[in-house]
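Examining the three-dimensional arrangement
What follows is the residue order along each chain.
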Amino acid sequence: MKRMLKIGLTGSIGSGKSTIAGLFRVFGIPVYIADVEAKKFLGDPEVIRMIVEMAGAGVLSPDGSIDRRMLASLVFNEPARLTTLNNIIHPRVRGHFFNWIEGQSGVPYIIQEAAIIFESGFYKMFDKIITVAAPIEERIGRVMLRDGLKREDVMARIENQWPEESKIAMSDFVIYNSDTDLAIPQVLEIHKTLMGISEAVINQ
């Protein structure tokens, strides 16, 4: 069986990871969006029970589901709660990701897009890591516009992630996604490189 490369795609909040992931999809590369899958687990009754135990019943909506905005406001201001939440969600996402990989075939590599690949320690299982970078003021503005958050709320989330320069230092590739950078040529170049690495692995 041909071994597919596992590529991690990460970046700080507001860097434009999802946009970059979409560009790789244009080249036919399967992309697993960890944050999307993580949100699905918030509907699991056992996960709901554990989150209420951690954060209290105030985190529930009237219909008994998790109020994601309330949960975010609680955990991003309390690192201990954020760690507990990650310990609830991440093992489930990790297991789902490996099951997802089993369903992929005929591609040279797959990508997992996730915000905290380094913070979670999950980076160790990838063959290569790509970090998407952008100036902090652009990142803040994007998130404020996208999520309707105040600046201080965005900063609280940024402070709970590794500094961008630390992610860059541990990455194999960096895509600069500022308002003045062209992302497509960068993605194309990385794609060509990964195709070459994949071919070399297959021919070993």
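What this report covers is the structure whose coordinates are included nearby. Once a new chain begins, its residue numbering starts again from 1 and follows that chain's sequence as written. Under the rules for a predicted model, residues below a pLDDT of 70 receive no local features and side-chain atom pairs below 80 are neither given nor counted, while totals for whole chains, interfaces and linings still include all residues. Neither water nor hydrogens contribute to the side-chain values; these are computed over all heavy atoms in the structure.

Right, let's talk about the side chain of Glu164 for a bit. Mapped onto the elements of the fold, Glu164 is located in helix α8 (residues 164-169). One polar contact links the side chain of Glu164 to the main-chain amide nitrogen of Ala134, over a distance of 3.1 Å. Ignoring anything within four residues of it in the chain, the contact list for Glu164 reads Ser12, Val132, Ala133, Ala134 and Arg139. Helix and strand definitions here come from DSSP, where helices need a minimum of 4 consecutive H or I residues and strands a minimum of 2 consecutive E residues; each element is numbered from the N-terminal end. Think of a polar contact as two N or O atoms within 3.5 Å of one another; within protein, one of them needs to be a possible hydrogen donor and the other a possible acceptor, and neighboring residues in sequence only count if both atoms come from side chains. The contact rule is simple, with two residues in contact once any of their heavy atoms fall within 4.5 Å.

Here a salt bridge means any side-chain nitrogen of Lys or Arg lying within 4 Å of a carboxyl oxygen belonging to Asp or Glu. Under the criterion given, the structure shown has 10 salt bridges. When the shortest N-O distance is used, the salt bridge between Glu137 and Arg151 registers 2.8 Å. Taken as a pair, Glu137 in helix α6 (residues 136-147) and Arg151 in helix α7 (residues 151-159) lie far apart in primary sequence, 14 residues in all. Bridged by salt links that share partners, the residues Glu46, Arg49 and Glu53 form one connected network.

Because each turn of an α-helix spans 3.6 residues, side chains separated by three or four positions in sequence point in the same direction. Under the 1.5 Å per step criterion, the end-to-end length of helix α5 (residues 79-102) is 34 Å for 24 residues, consistent within 8% with the ideal 34 Å. To get the bend at any residue, fit one axis to the seven residues that end at it and another to the seven that begin at it, then take the angle between the two axes. In α5, a bend of some 30 degrees at Ile89 exceeds every other bend along the element, and Pro91, a proline, comes one to four places later. Here a helix's expected span is defined as the number of its residues, less one, multiplied by 1.5 Å.

This brings us to the pairing of strand β4 (residues 128-133). Here the term buried applies to any residue with accessible area under 20% of the maximum for its type, exposed to any over 50%, and partly exposed to those in between, with areas from a 1.4 Å probe on protein chains only. Burial within β4 is extensive, with 5 of its 6 residues counted as buried. We treat two strands as partners when DSSP finds at least two bridges between them. As paired strands, β4 and strand β5 (residues 173-176) are joined by 4 bridges and run parallel to one another. Following the sheet pairing, Val132 is matched in β5 by Ile175.

Before going further, it helps to examine the pairing of strand β1 (residues 5-11). Where burial is concerned, most of β1 is hidden: 7 out of the 7 residues are buried. Side chains Leu5, Ile7, Leu9 and Gly11 of β1 all project onto a buried face; the interleaved residues Lys6, Gly8 and Thr10 project onto the opposite face, where all are buried too. Alignment of β1 against strand β3 (residues 109-113), held across 5 bridges, turns out to be parallel. Residue Lys6 lies in a different strand from β3, and its bridge partner there is Ile110. As defined by bridge partners, β1 adjoins β4 across 5 bridges and the pair is classed as parallel.

Bringing helix α2 (residues 34-41) into the picture now. Taken residue by residue, α2 has Ala34, Glu37, Ala38 and Phe41 as its buried positions. The arc that holds the buried residues of α2, viewed along the axis, is 105 degrees, so those residues lie on one side. At its buried positions, α2 is contacted by β2 (31-33), α3 (45-55), α5 and β3. For this quantity, the arc is that covered by the directions from the helix axis to the C-beta atoms.

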